[in-house]
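# Structure at a glance
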Amino acid sequence: MMDVPTANQSQTPCQPWAGQNGWSPASPQEHPCNPLPSFYHLNLGSPSDQRTCHDHLQASNQRCQNDIASCRSNTPQSTLYSRLTSSPIQQQPHWTLSPGSKGTINEFVPNATPQDRNITPQSPNSESRYGLDPELLPSAVKVIAEDRAEWEGKVFVSEPFSRLPPLATTSCLIEDRGNASPFAIRSASYCVPCEGQAALLSRLPLGALVTPLAKQTAGEKPLPLCKEPECVMGCGWCGASMCPAMSWQDCGQRFYCPFCGKLSEVPWQHYQPTKGVEGVRVDKDTRPELSMGSYEILNSQKGEPAALLIALDVSASALRGGHLEFATQQILTLLHSLKREDGEATSDVRVGLMTYDSRIHLYDLSPALSRPHMLVITETDDLQLPVREGLLVPLKDCKDGIDSVLQLIPQFSSECDDSGGVPMELPVKAGLAVLQALSCPGKLLIFHTAPLIEMGHTNTSSGFFGSNKPKSIFQPSELAVSLAKECVSQGCGVHLFVLAQQDVGGAWPGHIPYLTGGALYTYSHLQGELDRERFSTDLKRIVETDTGYKAELRIFVSKDLRVSGCYGLFIPGPSPGQVPMATLDWLTTLAVELAHTRALDEARGVAIQAVLSYSTQTGDRRTRVHTLTLRCSRHLQEIFRQYQAQTLLTFYCKKVYCAVLERPLHELREELQTEATEALASYRKHCCSASVSAGQLVLPQYLRALPVYINSLRKSEVLLPGLRSSVHQRLQQRCQVLSMDACSTSTHFYPLLLPLVCTITHGSCPNREEALRCSAASLEPRGLYLVHTPLTLLLWVGTQVPVCTLVELFNTSCFSSLPSGETKLPVLDNPLSVSVRSLINTLNSQTPCARKLWVVKQGDTCEEALQRHLVEDKSPNGGASYADFLYHLHVNSVRLLQ
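Residues numbered from 1 in each chain as written. Predicted model: local features only at pLDDT ≥ 70, side-chain atom pairs only at ≥ 80, totals over all residues. Heavy atoms only, no water.

### Observations regarding the overall build of the protein
A tally of regular secondary structure across the protein gives 24 helices and 38 strands. Going through the 898 residues of the protein one by one, you find that 60% of them count as buried. Of all intrachain contacts in the protein linking residues separated by at least 6 positions in sequence, the fraction that spans at least 24 positions is 74%. Accessible surface, the protein as shown: approximately 36100 Å² in total, 50% of it carbon and sulfur. (Helix = DSSP H or I, 4+ residues; strand = E, 2+ residues; numbered from the N terminus. Buried < 20%, exposed > 50% of the residue type's maximum accessible area, 1.4 Å probe, protein only. Contact = heavy atoms within 4.5 Å. Areas by Shrake-Rupley, 256 points an atom, 1.4 Å probe, with all protein chains shown as cover.)

Dropping the structure here:
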């Protein structure tokens, strides 16, 4: 715990923080001249933590059960929380505090001599209105570093009812012993409340993050593969797949399904007897479906292989832009380097090619033809394909034909005027028609340059054109949704490369790509070297990434729970637990929200199963099964201890970013703060000792970083109005973040701030363990700092960086001559240059899209780009600092209990 000044009557309603006991108390009388109370050093994980909590556990549990009992008697939900907050807490004398006052803050470390620390932030944005020292607040960097120290490079054994897994940002090996890897399914809490009223009292969500095609870490065993006829079939009632959560009865003749609660007969060909008291089948260890949390089934049916369809804009503006020659050369180079099958000189992936302006030009690539034939379609409202054969041909059979067409495209002469713009939906409709005609899924890569326009008549209430409603700026048009649904049905993932910067007032073209599992990539005419490198990297990554096509994800949960919501980038299916997707890859992550239908059986626990049916590149139909088994508890204290801040951040992010389609932004920001406040109040009432004073902030052990994450989410570009970023940028960032997994989401909202110079001078490469807090106070004028998020890479250069460092890294000796903005580090033969470039390459390999490096000089006008990522400071666009948000969070949570 740490003391926080409580609010006087004259102060603005506010909020603060607390860990779980294990703090070293100090009396306010020890600091008679200090206007601030003492902070306390949290010794997380110490024995005193558990001892102190258990002293009051029975009383806390009794209070919790009384509240739950009172809620059961037909209590309206609107009065539920008023009962939770009905009992007052013990108060200490108020601390008087004037805004801007500061003083010496003593940090008391158990078994150590107290030392004074005078910390003055280097930027006004770091200061707290209430005099709190930002350096003494709970640190997300410290939480991540502690988890890495415990788990980095080690093995986490994932078994039924297992403990909390390592954080999503920690790289470790996972050993599957009956529970799915946390990188495939990560539960919001690893201990589920037995009753729905207890879940309401906690004020924290129940749910899970699902990444169906999550990658296996190097060193882990590959996912086991079963053939459909040989695999033990799952439940015949609800359709859940076989897993270790099924229990066997009648000597193995029947099994109990935890997802529907019914018994199913075992087919005679799959029967095996059971042994022992627990009734385990004798063949359990030889069958992945009986012993593994994750496995894959190879279905007997086989579909059409996926195709790669390329569409190039050849309108007048595209031909004038001068970028087509570079784009076609990159496409050629990529096609020649595609993965080859054993013994083959060229890949056998089926490839199609088309060009378009206001018309569609298809190319017959049949090997029997002496040269490709162009087929022009002028009637684009009702697309009718003149031929089918030759539109999609194995690359090994049409390599020469594609080469000749791609080399001729830059020499085209435009016959159409594109001054009115070209609808982006046109190449999507044409590409979809080709795939539908040949009954195959695939990736559609569109390279577009002409000005974008809306196609058809769009209702302004469903789009942002001509509308001032904040909640509607994110909504796609009805035509875009309709076309995306057709793509999903066919398994067509759209990837759109916009090769010319579009006007802010034009149509945003990203709705269809993101709703189909694709993405939007924007460039500025591919004139600069940096844009060309980024284009090449993005193109290569898209084509070579392993992808699932024509997929359907089904979520099964224990019979006493239900799936109440599903959040991510997809078009909703018939129910929240059934999600159709055109394509997905190893980063695609969805958030699933759960709710109670009745009380859970504490002995049985909870089971969550994600079943993904999809097609591979070669047309194989597979089913991937992930099952997670969790403990249940009637004690709120145990439930709070099993939440992790990063998981909650990702869950909240996906839920809120989906809600911006329907609700005003200010309501969503207020709701985030309210939920965090009520969760703190609930934890304080039901899980803390009565001796905790009003001036002490209390948080569960693994939620120490939650306030800084929530504050960063609240002031993100998507949720904070009045930002200088355009509507296009906000739409783009919303979709990019929605598609991220937990690791990328955490790094997006709390960037990695790495010091470079101090590390390299000691002869070692910079690493994540040396990350600093995201605050201006962490930046020193003599330092170089790298700021890494999945979407941005910044290099901040202080005004007092030594000349030798500038020479070694930038090949210049003058700070003033160092260029700001987009740049590429020169290739120099010295340890600093080699290490920094190596680090940048490593970080870039982990991101979903290619990034350009931005150099930000201290005091330069472009420094605002850095300030947005210093999430512990006040945002330049109006967001509160971490210290102020934490103070308000605490004080409001205390007032709820008065």
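### Looking at the pairing of strand β16 (residues 294-302)
Where strand β10 (residues 225-227) lies against β16, three bridges are found, and the strand directions are parallel. When the bridges of β16 are listed, C226 appears paired with I297. Pairing analysis gives six bridges linking β16 to strand β32 (residues 620-633), with the strands arranged antiparallel. In the strand pairing of β32, S294 is matched with H626. (Pairing = 2+ DSSP bridges.)

### Some remarks on the nonpolar core
In terms of nonpolar packing, the biggest core is built from 215 residues, with F447, F497, F535, Y657, L719, L786 and F810 touching the most fellow members. Excluding anything up to four places from it in sequence, F497 contacts L445, I446, F447, H448, Y521, Y523, F535, D538, L539 and I542. With 21 residues, the next largest nonpolar core counts C243, M246, V266 and Y295 among its residues. (Core = buried A, V, L, I, M, F, W, Y, C linked by side-chain atoms within 4.5 Å.)

### A few points about the sheet that holds strand β28 (residues 561-567)
The sheet built from four strands is open, its strands ordered β7-β9-β30-β28 with antiparallel pairing. Across the chains shown, the open sheet's two edge strands, defined by having one partner strand only, are β7 (185-187) and β28. Pairwise comparison of adjacent strand axes, ignoring direction, gives a mean angle of 25° for this sheet. Sheet strands touched by helix α15 (residues 645-659): β7, β9 (207-210), β28 and β30 (590-596). Its angle to β30, the strand with the most contacts, is close to 95°. (Axes fitted to C-alpha atoms, helices over the stretch in contact; angles between N-to-C directions.)

### Some details on unusual backbone geometry
The backbone phi angle of K550 is positive, close to 45°, even though this residue is not glycine. Its relative accessible area of 39% is what places K550 among the partly exposed residues. Even without glycine at this site, N811 takes up a positive phi of about 60°. Along the polypeptide, N811 turns up in the loop between α21 (803-810) and β37 (821-823). We classify N811 as exposed; its relative accessible area is 53%.

### Looking at helix α9 (residues 395-408)
Between the first and last C-alpha of α9 there are 18 Å, a value that for 14 residues agrees with the 20 Å anticipated at 1.5 Å per step. The largest bend in α9 comes to about 35°, at G401. Buried residues of α9: L395, C398, G401, I402, D403, V405 and L406, and no others. The elements touched by buried residues of α9 are β17 (307-313), α8 (324-336), β18 (350-356), β19 (360-364) and β21 (393-394). (Expected span 1.5 Å × (residues − 1). Bend = angle between axes of the 7 residues up to and from the residue.)

### Brief notes about the pattern of salt bridges
Between side chains of opposite charge, a pair can form as their charged atoms come close. Across all of its chains, the model carries 31 salt bridges by this definition. Of the charged contacts, one joins K559 and D560 as a salt bridge, the two residues approaching to 3.4 Å between their closest N and O atoms. What emerges from the salt-bridge pattern is a single network uniting R281, D283, R287 and E289. (Salt bridge = Lys/Arg side-chain N within 4 Å of Asp/Glu carboxyl O.)

### Observations concerning the side chain of H596
Position of H596 relative to the elements: it lies in strand β30. Within polar-contact distance, the side chain of H596 engages the backbone oxygen of P193 at 2.7 Å. Excluding residues that lie within four positions of it along the chain, H596 makes contacts with V192, P193, C194, E195, G196, A199, L206, D560 and L561. (Polar contact = N/O pair within 3.5 Å; in protein donor to acceptor, adjacent residues only side chain to side chain.)

### Points about the environment of G442
With respect to the secondary-structure elements, G442 resides in strand β23 (residues 442-448). On a C-alpha basis, the gap between G442 and L308 in space is 5.7 Å, while along the polypeptide they are 134 residues apart.

### Remarks on the packing of aromatic side chains
Scanning all chains against the criterion turns up 17 aromatic pairs. Relative to Y514, the ring of W508 has its centre 6.2 Å away and its plane inclined at 5°; by these criteria the two rings are stacked. Its relative accessible area of 6% is what places W508 among the buried residues. A relative accessible area of 4% means that Y514 is categorised as buried. Feature note: the residues F326, F447, F497, Y521, Y523 and F535 constitute an aromatic cluster, connected by ring pairs. Residue placement shows R186 over the ring face of F183; its charged tip is 5.6 Å from the ring centre. The ring of W248 has R281 lying over it, and the distance from NZ or CZ to the ring centre is 4.8 Å. (Phe/Tyr/Trp six-rings, centres within 6.5 Å; stacked < 30°, edge-to-face > 60°. Lys NZ or Arg CZ within 6 Å of the ring centre and 35° of its normal.)

### Here we look at the sheet that holds strand β34 (residues 752-755)
Strands sit in the order β34-β35-β36-β38-β37 across an open sheet of five strands; the sheet is mixed. The open sheet has two edge strands with one neighbour each: β34 and β37. For this sheet, the mean inter-axis angle between neighbouring strands, taken without regard to orientation, is 30°. The pairing of β37 with strand β38 (residues 853-857) spans three bridges and is classified as antiparallel. By the bridge assignment for β38, E822 is matched with W854. The sheet contacts of α21 involve β35 (784-788), β36 (793-797) and β38, and relative to β36 the element is tilted by about 150°.

### Notes on the pairing of β34
Neither face of β34 is left uncovered, since the one carrying L752 and L754 and the one carrying L753 and P755 both have all their residues buried. As paired elements, β34 and β35 share four bridges and run antiparallel to each other. Bridging across to β35, L754 finds its partner in L786.

### Remarks on helix α13 (residues 529-544)
A rise of 1.5 Å per residue sets the reference length of α13, with its 16 residues, at 22 Å; its end C-alpha atoms lie 23 Å apart and thus fit the reference within 8%. Of the residues making up α13, those classed as buried are D531, R534, F535, D538, L539, I542 and V543. Viewed end-on, α13 has its buried residues packed into an arc of 150°, placing them on one side of the element. Looking at the buried residues of α13, the elements they touch are β17, α8, β23, β25 (492-498) and β26 (519-522). (Arc of directions from axis to C-beta.)

### Remarks on the confidence of the model for the protein
When the pLDDT values of the protein are averaged, the result is 82; 79% of them are 70 or greater. pLDDT under 50 marks residues 71-122. Its contacts with residues more than four places away, or in other chains, come to 122 contacts. Of the regions scoring below 50 in pLDDT, residues 456-471 engages in 27 contacts with residues more than four places distant in sequence or in other chains. (pLDDT = per-residue confidence, 0-100.)

### Notes on the packing of helix α10 (residues 425-437) against helix α11 (residues 478-490)
Following both chains from N to C, one finds α10 and α11 inclined at 25°, their axes separated by 10 Å at the closest point. If you check the angle between α10 and α11, you find them roughly parallel. Note that α10 runs across α11; the crossing there is left-handed. Touching E425, V428, K429, L432, L435 and Q436 of α10 are L479, L483, E486, C487 and Q490, all from α11. Across the contact of α10 with α11, the residue classes tally to six nonpolar, two polar and three charged. (Parallel < 35°, antiparallel > 145°, perpendicular 65-115°, else oblique. Left-handed = near helix turned anticlockwise from the far one by under 90°. Nonpolar A, V, L, I, M, F, W, Y, C, P; charged D, E, K, R; others polar.)

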